[in-house]
Amino acid sequence: MGAGAAKAKSYVRIDSGSPVHVDDSFPSTHPFSVCPNLIPNFAKFFTYSDPVMGDLENDPRCSTDNTLMRRLNLVSTYIVIAALLASLAWSAVLSVTPQDGDVWSWLEFLALLLFVLVTALNLFCVVILTQQLYLVSRLAAAGSMGFELGVILFLNPNYTLARHFAISSFEAGLPIFVVAMSLMVYQFINPFGDKRPVAILAVILLWALSAVMFFVRFIQKRRFNALRQSMKDNVSPLLDAVRSVNERNVDM
């Protein structure tokens, strides 16, 4: 074996306890024998940790229902719907073609831009939520302190801001998708300008649907924030009392 080759390793069999010699080194003629750690070091640029030494422990709390898993289930629902909407929007992008040869009308061009915007918003939502779902789930199943660390990561201000922005991107993308579809419906119904009243009526109905989506989202979010703030106001006195009792016990 060459001088640059990695050393062989010895392991112990669990069943018999006898040492087992395993030669996992590169031969001296192998190009990686000069730098045996080239592949692991290169892989670290594309992974979140050591791809070989994964952290995984069978903590009972990881297999039971808890609030963190319920939050992650909500995130996974958004991922599926956002991926579906992104697929629909991209299919619409590929289907948008000018009616008059190579000349684009302003309706077709605006519809194309809106479909691209919806695709970008939903892909951003899918990427952010998928990454957070993977990282938080992996950290929560990493060991005895995995649940606590997963909660800390899930409630990290940067993670929370990115997650809320991703969800808002999906929620904003759906009404924009309806508006873009209304422009395509107008072009489909009125390609030659002889059915303008019917086309305008269809556009008005779709725009009204989009406005209802925005309004319902605003009302629901406002009600949620009010109840959440009320819960904080009711719980804060109890938490303050518990903290004061704990401080007195520590002083004693």
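Predicted, not measured: the structure shown is a model, and the values here were computed from it. (Residues numbered from 1 in each chain as written. Predicted model: local features only at pLDDT ≥ 70, side-chain atom pairs only at ≥ 80, totals over all residues. Heavy atoms only, no water.)

Here F188 lies in helix α6 (residues 157-189). Linking F188 and A199, residues 11 residues apart in sequence, is a C-alpha distance of 8.3 Å. (Helix = DSSP H or I, 4+ residues; strand = E, 2+ residues; numbered from the N terminus.)

What follows is about the UniProt feature "transmembrane region" (unreviewed entry) in the protein chain. In the numbering used here, UniProt assigns the feature "transmembrane region" (unreviewed entry) to residues 75-97, 109-129, 167-186 and 198-219. In the segment residues 167-186, helix accounts for 100% and strand for 0%; the C-alpha atoms at its two ends are 30 Å apart. In this annotation, residues 198-219 is assigned 100% helix and 0% strand; the end-to-end C-alpha distance for the span is 32 Å. (UniProt positions renumbered as here; feature names shortened; annotations may be inferred.)

Formed by 29 residues in total, the largest nonpolar core has its most connected members in F115, V118, C125, L129 and F177. Those elements that provide at least two residues to this core are α3 (67-95), α4 (106-140), α6 and α7 (196-251). Element by element, the count of residues in this core is highest for α4, at 11 residues. Setting aside residues up to four positions removed in sequence, F177 forms contacts with L85, L88, A89, F115 and V118. Judged by nonpolar contacts, the second largest core, of seven residues, contains L68, V136, L153 and F154. (Core = buried A, V, L, I, M, F, W, Y, C linked by side-chain atoms within 4.5 Å. Buried < 20%, exposed > 50% of the residue type's maximum accessible area, 1.4 Å probe, protein only. Contact = heavy atoms within 4.5 Å.)

This part covers the pattern of salt bridges. For the coordinates displayed, the defined rule picks out one salt bridge. The partner of R217 in a salt bridge is E171, and the shortest N-O contact between them spans 2.5 Å. Highlighted residues: R217 in helix α7 and E171 in helix α6, separated in sequence by 46 residues. Taking the relative accessible area as the measure of exposure, R217 reaches 25% and is therefore partly exposed. Take E171: its relative accessible area is 23%, and that puts it in the partly exposed class. (Salt bridge = Lys/Arg side-chain N within 4 Å of Asp/Glu carboxyl O.)

In this section: the packing of aromatic side chains. Using the criterion set out here, one finds three aromatic pairs in the structure. Between Y78 and F170, the aromatic rings sit 5.6 Å apart at their centres with planes inclined by 90 degrees, giving edge-to-face as the arrangement. Here F170 lies in helix α6 and Y78 lies in helix α3, a separation of 92 residues in the sequence. Judged by relative accessible area, which is 24%, Y78 ranks as partly exposed. Centre to centre, the rings of F124 and F165 are 5.5 Å apart; their planes meet at 80 degrees, and the pair counts as edge-to-face. One end of the pair, F124, is in helix α4; the other, F165, is in helix α6, with 41 residues separating them in the sequence. Residue F124 is classed as partly exposed on the basis of its relative accessible area, which comes to 33%. (Phe/Tyr/Trp six-rings, centres within 6.5 Å; stacked < 30°, edge-to-face > 60°.)

Moving on, we come to the side chain of R163. By the element assignment, R163 lies in helix α6. Buried and unpaired, R163 has E171 as its nearest opposite-charge partner, separated by 12 Å. In contact with R163, other than residues within four places in its own chain, are V75, I128, L129, Q132 and F154. (Lys, Arg positive; Asp, Glu negative; His and termini not counted.)

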